[in-house]
Structure formats: C-alpha cells, structure tokens
Amino acid sequence: MTDAIGYERIGDIAVLKAQNPPVNALGYDVRVGLMEGIARAEDEGAKAVLIYGEGNTYFAGADIREFGQPPKSPGLPEVCDRIEASPLLVVSSMHGTALGGGLEVALSTHYRIAVPTARVGLPEVLLGILPGAGGTQRLPRVAGVEAALDLITTGRHIRADEALKLGIIDRIEDGAPREIGLAYTKELLDQNAPRRPVSEMEAPEPVDFDAVHDSVLKKGRGQISPATAVRAVQAATELPFAEGMKRERELFMELMNTDQRQGLIHAFFSERAVSKLPELKGVEPRRLAAIGVIGGGTMGAGIATAALLSGLTVTLLEMSPEAAEAAKGRIKGNLQGALKRGKIDQANFETLTEKSLTLATDYDALKDADLVIEAVFEEMDVKKKVFTQLDAVCKPGAVLATNTSYLDVNEIAAMTKRPQDVIGLHFFSPAHVMKLLEVVVADETAPDVVATGFALGKRLGKISVRAGVCDGFIGNRILSTYRTAADHMILDGASPYQIDKALEDFGFAMGPFAVADLAGLDIGWAVRKRKRAEGLDPRARDSAYADKLCEDGHFGQKTGKGYYDYAAGPRSRVPNPDVMPLIEAERAEQGITPREFTDEEIVRRYMAAMVNESAKVVGEGIARRPLDVDMTLLFGYGFPRYRGGPLKWADLEGLPGLLDDIRSWAKEDPYFWEPAPLLEKLVAEGRTFDDLNKEAAA
Ligand code: CAA
C-alpha cells in the first residue's frame with residue numbers, strides 16, 4: 001500500500017486514514033491507496049470501511065497540481081465508483097473542508113458523519129472546471145436539483161448544519177473524526193443498515209435549465225465553467241446514472257482544456273505565493289496592537305475600519321475636533337455595513353466605536369502606536385510635514401507608513417532620522433472592502449518593517465504585494481499606461497462608451513471610463529496637472545478634453561456627471577451628451593481624422609499596453625515576479641480572475657504575436673509603444689512570464 005492512506009483494522013471495520021498533508025489532496029498516491037484499501041478490506045472479510053483524514057481536514061479536493069498533466073490511472077471517478085460499488089458498508093467521517101473531489105468521495109460512500117465545524121462544497125467552477133468525479137450526478141440525487149445548482153455554480157462552502165439539512169451529511173457529532181466515525185459505523189452495523197449507493201437513487205426532478213444556464217452565464221461576465229456545470233446537472237435529470245457520468249466527463253474535459261482553467265488555477269496558486277517572499281523567511285514582524293491613522297477622509301476612515309474589524313486599537317488623528325467627529329461618523333457608517341452583513345453584532349459595534357477607537361487632534365496621542373499610517377492629502381509637502389512630526393513623537397521602533405499612491409517614499413523617509421522604519425502601505429478605496437495592499441519597500445526600509453507590513457495585510461485579510469518605489473508603484477503605474485492607450489484610441493476615433501463596452505465584454509468589472517467616474521475625475525486631473533508641471537516628454541501625446549469636463553465641475557458619480565450621466569442613480573449610467581463634442585473638438589484641433597476601431601483592436605491595444613508596462617515593472621524589479629503584477633491587477637483593478645492577470649493572459653495569448661503588434665504600433669508612436677526589454681528578451685529566448693514565476697519559486 002502507498003503511505004498516503006493508512007490501514008487499520010478495528011473489529012469488523014477497516015479504517016482508511018488519509019495522510020497527505022497539508023490538505024489531503026486526492027493525488028495519485030491517495031487514489032491508489034483508496035483503491036487498495038477497499039480491496040484489502042474486502043479480501044480480509046471486513047464488514048465495513050471507515051474513511052477519514054489525518055491532520056486538519058478530510059480530503060480538500062483533487063490535487064490541483066496534477067491538472068494539465070497526463071492523467072494517471074486510477075482517476076478519481078473510477079475511485080469513487082469503486083468505493084460506491086463495494087459490497088461493504090462504507091462510511092465517511094469528515095472534518096475541516098470536504099471540498100471538490102473530497103466531497104465527491106464522501107458522496108460515493110454510503111453514509112456520512114461530520115464534526116460541527118466541518119465545511120463542504122464543490123468549488124470546482126472557481127478553478128474553471130466542474131465537479132468531475134460524479135459530483136454533478138450524485139449531489140442532485142442527494143440534495144435536489146436546486147441546492148445542487150446553487151452549490152455547484154457558485155462554488156460556495158456550506159457549514160455542517162446546512163449540509164445536514166440538505167441531506168448531504170447524515171449526522172453531526174462533536175469529537176475526533178476517527179472516534180465519531182467508528183462509533184457511527186458500529187451503530188450502522190448493529191442496525192444492519194443497508195448499503196446506500198447514491199447512483200441507485202432516483203433521478204431528480206428537472207427545472208428550467210435553459211433559464212438557469214443563461215442567468216448563470218450572465219452573472220459570470222464571460223466565465224464559462226458555472227454555466228457549463230448547469231448542463232452537467234441537467235444530465236443528471238435526463239440520463240441514466242452511467243450516461244450522466246459520461247456527459248459530466250465530456251464537459252469536464254472541455255473545461256480542462258480552456259485558457260480559463262489555466263487562468264483560474266494560476267490565480268489560485270499566485271494568491272498564495274504572493275506574500276511568500278524569500279527575503280522574509282525567518283524575519284519576525286514587529287509588534288502590532290495599537291495603530292495610528294492620520295486623516296479621516298474616505299481612505300483614512302476605511303483603513304481605520306479595517307483595522308478595528310481585525311481587533312487592533314486605533315487612534316485617529318484629525319486637524320480639528322469637528323473633523324475628527326466627521327471621521328468617526330464615516331467609520332461608524334462603514335461598521336454599520338459590517339453590522340448589517342452580520343460580520344459583527346451590536347455589542348461589537350459599540351466596543352469598536354466607543355472603546356477601540358480614540359479620536360485625537362494632537363500628534364502626542366500617537367506616541368505609543370506600534371504603527372502609524374498617514375492618509376492625508378496627496379501632496380509631497382503635506383506628507384513631509386506629517387513625517388517630520390511623526391519622527392518627533394513616535395516611540396523608537398514604531399513603523400511609520402505612508403498611504404501615498406504615487407509619491408516617492410524615499411523622499412518621505414528622508415524627512416525622518418529613521419528611514420529604516422518607513423514604508424509605503426498603499427490601500428485601495430474603500431479600504432475596508434478592497435482586497436489589495438501594496439507594500440512599498442523604500443531603499444532603506446528594514447526587513448522586519450517589510451514583514452510587519454505583510455503581517456498587517458494578513459491581519460486585515462488583504463492580498464499584500466511587494467512593490468518597489470516608482471511613480472505609481474505597480475498598480476497605478478500600469479493603470480496610467482493602459483489608460484493612456486485608451487485616451488490615444490479616443491483621439492484616434494473610438495468613443496469612451498465603445499471602449500468601456502469592449503473591455504466589459506472582455507471581462508473587466510467596469511470599463512476604464514466608468515471606473516474613472518466612480519473614482520472621481522478630479523483624481524486623474526490632479527495627476528495630469530502634476531505630470532505636466534514636472535514636464536511631459538515632448539514626444540508624449542496629450543489631450544485636454546477630460547480636463548474640460550473637470551473645469552465644468554463634472555467629476556463623475558459624485559457630481560452626477562462625468563463620462564456618463566447618473567441622473568437616474570449610480571447604477572444607471574447613460575452617456576453624457578457633452579463628452580463627444582469635447583472629444584470631436586479636440587480631434588479637430590489636433591488635426592486628427594478619426595477612424596473606426598473594432599472591439600477586438602480596442603482590447604488588443606489596451607491589453608498590449610498593460611502587458612508592455614507590466615513587463616517594464618517586472619524588468620526594473622518594481623515587482624519581483626510576474627505573478628505580483630497579476631495579483632495586483634486582479635485584486636485592485638477589476639481584472640477578470642478567469643484570465644489569471646495580464647501576464648498570464650499574455651503567456652496564453654502568445655508573447656511573440658504581442659511583441660509584433662507592439663513593434664508595428666511603435667512605428668506610429670515610438671515613444672508610447674517602446675517595447676519592454678524583458679518582453680523582447682523572453683520572446684528571443686522562447687520563454688514565458690510563467691517561466692519566471694517558476695524560477696522564482698525554485
Ligand atoms: N491541491 C493541491 N494543493 C492544494 C490544494 C489542492 N486541492 N488545496 C490546497 N493546496 C495547497 C495550497 O496551495 C497551499 O500550499 P502552500 O502551503 O505550498 O502554499 C497548502 O495546500 C495550504 O493551503 P491554504 O494555504 O489554502 O490553506 P488554508 O487552510 O487557508 O485553506 C483550503 C485550505 C480551504 C482547503 C484551501 O486550500 C482550498 O480552498 N483549497 C482548494 C480546494 C478546492 O478547490 N478543491 C477542489 C479541487 S478540484 C477537484 O476536486 C476536481 C474534481 O472534481 C476531480
């Protein structure tokens with residue numbers, strides 16, 4: 001037998017224990033072990049088999065690392081069929097997370113018991129596939145079509161009590177999985193309980209599958225796995241079990257061969273790799289209990305809210321008692337949202353707002369803080385004054401962080417006598433909701449300060465990405481380039497509405513002009529003014545139509561008008577009729593004859609600009625690995641997860657073709673389309689961005 005499955009005999013019961021840390025994934029050895037274990041139990045004359053997992057969990061699913069490699073027999077469907085067909089009584093005892101293939105194994109056993117904290121689910125669609133070991137055929141037979149469609153198309157995990165109600169598990173019992181499993185199996189044997197193969201249960205009643213398919217497809221914004229899974233569940237209602245299994249397999253294999261599957265699995269592993277930095281191995285973060293936040297606007301209040309929700313105490317510094325009270329009002333508003341969603345209760349709400357939060361107007365109040373984050377006005381002189389004051393009052397070893405989105409963290413750190421303690425912590429608005437945190441490491445930032453930045457990110461539930469210092473760090477620097485590509489296309493003949501639609505069809509949550517309206521057009525205006533003041537490169541194309549919108553007081557959603565008109569509310573946008581005349585006037589002024597753009601060309605140019613700048617960001621070491629860029633765009637900029645991130649998309653699209661396009665556009669605009677040296681190098685060497693990720697992990 002393989003070591004992945006332990007075998008033990010307790011009276012009439014053969015006990016199979018999964019021992020494949022960390023999550024008992026159903027890799028090849030585990031599958032072989034299960035086959036052998038069942039056969040041995042039968043050979044030895046056992047009456048029943050109990051299956052459970054060692055460590056933190058029952059099987060958490062198929063081994064995702066095996067996806068895309070040549071399949072090795074026995075496959076999981078075969079293992080599940082073998083378990084179900086055994087003449088012995090087979091029982092699962094579940095704890096931790098029985099997910100995907102894990103739940104499919106459980107559904108092929110005849111009875112299921114779980115501890116109260118266990119969670120179950122079929123999250124395959126989140127990896128771009130569907131349950132491929134009978135989940136789409138067995139779950140509807142056990143729990144009904146409606147529940148099965150809900151679980152399979154959303155991939156959500158449910159708690160043991162909900163699973164009990166749905167009939168997915170038969171009993172909940174507190175205790176060690178081995179002991180509760182043994183007791184339950186003995187009880188079943190004593191009662192002469194019959195085997196209960198789900199495949200022999202009646203086919204479930206159908207629903208209007210076309211309607212469900214269409215609504216799931218729409219919700220997925222281009223993601224195909226949930227809608228494909230609907231068709232597999234449909235097969236459970238229309239075909240005999242064995243035929244349904246065949247249909248499930250066909251659909252599973254179709255999805256397995258898609259770019260979306262590759263994109264989603266890249267996202268799964270990158271999300272976990274992003275905060276693992278070799279340089280931080282063994283580096284202890286500094287103490288984090290009390291933090292200070294300077295500035296209580298939308299950003300500061302959001303950061304304070306996130307910190308309070310994570311159990312930190314917060315001192316919020318504002319310029320006046322009135323401003324501090326207003327900030328408290330914003331924080332309370334945010335926490336009320338958490339209260340409504342059931343994340344906290346009323347007692348928590350009172351504690352967080354009245355005990356954990358202190359308002360202050362004097363820097364002295366920050367003298368005991370372990371970490372202070374400033375979220376004041378985005379202007380260098382203002383930030384410098386803040387850091388001079390922090391240097392004067394903060395205790396030695398306190399981490400001093402700036403939430404700047406563009407400014408030079410080295411210049412800010414130089415205002416203090418402790419640049420080693422200074423770091424950038426770039427949150428995204430609203431900071432208590434958005435998952436991304438850029439941890440910006442300046443020249444002299446100490447490793448344990450970097451580790452503290454990551455520790456804070458983890459505590460706040462963020463995806464933290466290490467970034468180096470440059471104008472805009474990783475995310476905003478790349479954003480500024482692809483936004484410029486969009487602006488160029490507008491000058492040349494596309495409209496903001498065509499661009500937004502093309503990119504939303506590509507899978508972005510919102511197109512760039514709708515995003516600009518949401519963020520506030522004044523933000524981009526301020527950046528443009530600053531860049532012009534610093535001096536634009538004479539070769540750069542510039543445009544002023546967006547400034548004119550701002551000059552007329554149109555800042556987007558917050559003023560009711562921007563690229564769109566929001567008269568009927570923030571969700572119902574219609575093109576603002578003032579915009580196209582401004583654009584047309586600018587084209588005329590610049591002597592440009594507008595041309596047609598196809599949606600395909602819009603996406604290609606926008607994405608190529610994004611990839612080219614991303615390659616520069618990686619090549620210059622601002623991002624350490626391509627996956628750091630991918631996760632930044634995914635978690636901070638609405639990039640479609642099923643495409644994995646811009647550099648994963650580029651790998652799948654083919655780097656040589658992209659470079660060819662960039663070179664051909666460089667003939668018209670050599671300044672903007674200057675190819676990234678890293679992209680040229682990868683193409684010359686026949687390698688991909690993912691090769692760089694793999695080298696970094698090795
Ligand atoms: N296969 C391979 N590795 C896996 C894995 C899997 N199914 N699930 C988790 N891991 C790895 C993670 O990559 C991580 O590795 P590193 O330590 O090297 O980064 C390690 O196990 C621990 O995982 P987490 O850090 O995520 O630990 P956690 O305790 O926060 O969460 C979990 C545990 C809830 C199980 C979470 O890992 C998870 O959601 N895993 C994926 C579950 C899943 O999607 N299962 C379905 C698989 S597809 C399937 O089963 C197809 C089918 O029908 C045949």
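What counts and what doesn't
- Residues numbered from 1 in each chain as written.
- Predicted model: local features only at pLDDT ≥ 70, side-chain atom pairs only at ≥ 80, totals over all residues.
- Heavy atoms only, no water.
- Helix = DSSP H or I, 4+ residues; strand = E, 2+ residues; numbered from the N terminus.
- Rg over C-alpha atoms; globule rule 2.2 N^0.38 Å.
- Buried < 20%, exposed > 50% of the residue type's maximum accessible area, 1.4 Å probe, protein only.
- Areas by Shrake-Rupley, 256 points an atom, 1.4 Å probe, with all protein chains shown as cover.
- Lys, Arg positive; Asp, Glu negative; His and termini not counted.
- Charge placed at Lys NZ, Arg CZ, Asp CG, Glu CD.
- UniProt positions renumbered as here; feature names shortened; annotations may be inferred.
- Near = heavy atom within 4 Å.
- Polar contact = N/O pair within 3.5 Å; in protein donor to acceptor, adjacent residues only side chain to side chain.
- Contact = heavy atoms within 4.5 Å.
- Pairing = 2+ DSSP bridges.
- Axes fitted to C-alpha atoms, helices over the stretch in contact; angles between N-to-C directions.
- Core = buried A, V, L, I, M, F, W, Y, C linked by side-chain atoms within 4.5 Å.
- Domains from an automatic or database assignment.
- pLDDT = per-residue confidence, 0-100.
- Right-handed = clockwise from strand over helix to strand, strands pointing away.
- Phe/Tyr/Trp six-rings, centres within 6.5 Å; stacked < 30°, edge-to-face > 60°.
- Lys NZ or Arg CZ within 6 Å of the ring centre and 35° of its normal.
- Buried area = accessible area lost by both parts, 1.4 Å probe.
- Salt bridge = Lys/Arg side-chain N within 4 Å of Asp/Glu carboxyl O.

## Focus: the overall build of the protein chain
Phase 1: What the protein chain contains, in helices and strands, is 29 helices and 19 strands.
Phase 2: In terms of overall dimensions, the protein chain is globule-like: its C-alpha atoms have a radius of gyration of 28 Å, near the 26 Å expected for 698 residues.
Phase 3: Counting over 698 residues, the protein chain shows a buried share of 55%.
Phase 4: Accessible area for the protein chain stands at about 29100 Å²; split by element, carbon and sulfur atoms hold 52% of it.
Phase 5: Averaging the coordinates of the 82 positive side-chain charges in the protein chain and doing the same for the 102 negative ones gives two points 3 Å apart.

## Some words on the UniProt feature "domain: 3-hydroxyacyl-CoA dehydrogenase NAD binding" (unreviewed entry) in the protein chain
Phase 1: As recorded in UniProt, the sites labelled "domain: 3-hydroxyacyl-CoA dehydrogenase NAD binding" (unreviewed entry) are residues 291-467.
Phase 2: Secondary structure content for residues 291-467 is 41% helix and 21% strand, while the C-alpha to C-alpha distance between its ends is 22 Å.

## Considerations on the site of the ligand
Phase 1: Neighbouring the ligand are 26 residues; A62, G101, E104, R272 and K276 lie closest to it.
Phase 2: One of the side-chain nitrogen or oxygen atoms of R65 is found 3.4 Å away from an oxygen atom of the ligand.
Phase 3: Contacts to the ligand include G101, whose backbone N or O atom sits 2.7 Å from an oxygen atom.
Phase 4: Considering the ligand on its own, with 980 Å² of exposed area, one finds that the protein chains cover 72% of that surface.

## Some remarks on the side chain of T185
Phase 1: With respect to the helices and strands, the residue T185 is situated in helix α7 (residues 177-190).
Phase 2: Not counting residues up to four positions away in its chain, the partners in contact with T185 are I13, A48, L50 and V91.

## Notes on the sheet that holds strand β9 (residues 171-172)
Phase 1: The strand order across the open sheet formed by six strands is β1-β2-β3-β4-β6-β9, and the pairing between neighbours is mixed. Across the chains shown, the open sheet's two edge strands, defined by having one partner strand only, are β1 (5-10) and β9.
Phase 2: As judged from the six bridges shared by strand β2 (residues 13-18) and strand β3 (residues 48-53), these two strands associate in the parallel manner. Note on β3: the bridge partner recorded for I13 is A48.
Phase 3: Along the sheet face, helix α1 (residues 28-43) touches β1, β2 and β3 and points at about 20° away from the line of β1.

## Side note on the UniProt feature "domain: 3-hydroxyacyl-CoA dehydrogenase C-terminal" (unreviewed entry) in the protein chain
Phase 1: Mapped onto this numbering, the UniProt entry annotates "domain: 3-hydroxyacyl-CoA dehydrogenase C-terminal" (unreviewed entry) at residues 472-566 and 602-687.
Phase 2: Along residues 472-566, the helical share is 61% and the strand share 2%, with 29 Å between the first and last C-alpha atoms.
Phase 3: Secondary structure across residues 602-687 divides into 67% helix and 0% strand, with the first and last C-alpha atoms of the span separated by 26 Å.

## Concerning the nonpolar core
Phase 1: Core analysis: the biggest nonpolar cluster contains 97 residues, and L390, Y563 and F689 have the highest contact counts within it.
Phase 2: The element that contributes the greatest number of residues to this core is helix α24 (residues 599-619), accounting for 11 residues.
Phase 3: When residues of this core are sorted by domain, at least three fall in each of domain 2 (288-467) and domain 3 (475-535 + 595-697).
Phase 4: With near-sequence residues (within four places) excluded, F689 lies in contact with V611, A615, P626, L647, A650, D651, L655, L678, L679 and L682.
Phase 5: Among the nonpolar cores identified, the runner-up in size contains 82 residues, and I5, Y58, V233 and F252 belong to it.

## Topic: the confidence of the model for the protein chain
Phase 1: Across the protein chain, the average pLDDT comes to 96, with 100% of residues at 70 or higher.
Phase 2: Of the two predicted TM-score estimates for the complex, the pTM is 0.94 and the ipTM is 0.95.

## Re the pairing of β3
Phase 1: Counting buried positions along β3 yields six of six residues, so the element is predominantly enclosed.
Phase 2: Going residue by residue along β3, you find A48, L50 and Y52 tucked away on one face and V49, I51 and G53 tucked away on the opposite face as well.
Phase 3: Where the polypeptide runs from β2 across α1 and back to β3, its parallel neighbour, the crossover connection is right-handed.
Phase 4: Sheet topology note: the β3/strand β4 (residues 89-94) ladder contains four bridges and is parallel. Note that in β4 the partner of A48 across the bridge is L89.
Phase 5: Once you follow β3 into helix α2 (residues 76-85) and on to β4, the crossover reads as right-handed.

## Overview of the side chain of H95
Phase 1: Within the secondary structure, H95 is located in the loop between β4 and β5 (97-99).
Phase 2: In terms of polar contacts, H95 uses its side chain to reach the backbone carbonyl oxygen of G55, at 2.8 Å.
Phase 3: Aside from chain neighbours lying at most four places away, what touches H95 is G53, G55, N56, T57, Y58, V115, A118 and P177.

## Quick notes on the packing of aromatic side chains
Phase 1: Taken as a whole and assessed by the stated rule, the structure comprises 16 aromatic pairs.
Phase 2: Ring centres of Y111 and Y184 lie 6.5 Å apart, and the angle between their planes is 85°; on these two criteria the pair is classed as edge-to-face. Note that Y111 is positioned in strand β6 (residues 111-114) and Y184 in helix α7, a separation of 73 residues in sequence.
Phase 3: Judged by centre distance (4.8 Å) and plane angle (55°), the rings of W665 and W673 are tilted. The pair formed by W665 and W673 is uniform in burial state, with each residue classed as buried.
Phase 4: A network of ring pairs unites the aromatic residues Y482, F506, F508, Y606, F639 and W649 as a single cluster.
Phase 5: We note K72 situated over the ring of Y28; from NZ or CZ to the ring centre the distance is 4.4 Å.

## Details of the domain arrangement of the protein chain
Phase 1: Along its sequence, the protein chain is carved into domain 1 (5-260), domain 2 (288-467) and domain 3 (475-535 + 595-697).
Phase 2: For domain 2 versus domain 3, the distance between C-alpha centres works out to 30 Å.
Phase 3: Facing 12 residues of domain 2, the contacting portion of domain 3 comprises 13 residues.
Phase 4: Buried area between domain 2 and domain 3, summed over both chains or domains, comes out near 1200 Å², and the portion from carbon and sulfur atoms is 61%.
Phase 5: Per-residue buried area on domain 2 facing domain 3 is highest for Y406, L436 and R466; these three make up 48% of the total on that side.
Phase 6: In this assembly, domain 2 and domain 3 are joined by zero salt bridges.
Phase 7: Here domain 2 is connected to domain 3 by one residue pair in polar contact (both at pLDDT 80 or more).
Phase 8: At the level of secondary structure, the elements contributing two or more residues to the side of domain 2 that touches domain 3 comprise β16 (436-441) and β17 (463-468).

## Thoughts on the sheet that holds strand β11 (residues 313-317)
Phase 1: Taken in spatial order, the eight strands make up an open sheet running β12-β11-β10-β13-β14-β15-β16-β17, and their pairing is mixed. Where the open sheet ends on each side, the last strands, each with one partner, are β12 (357-360) and β17. On average, each strand axis in the sheet is inclined to that of its neighbour by 25°, with strand direction left out of account.
Phase 2: Seen against the sheet, helix α13 (residues 321-340) touches β11 and β12 and runs at an angle of roughly 155° to β12.
Phase 3: Set on the sheet, helix α15 (residues 380-393) makes contact with β10 (290-294), β13 (371-374), β14 (399-402) and β15 (422-427); between it and β14 the angle comes to about 170°.

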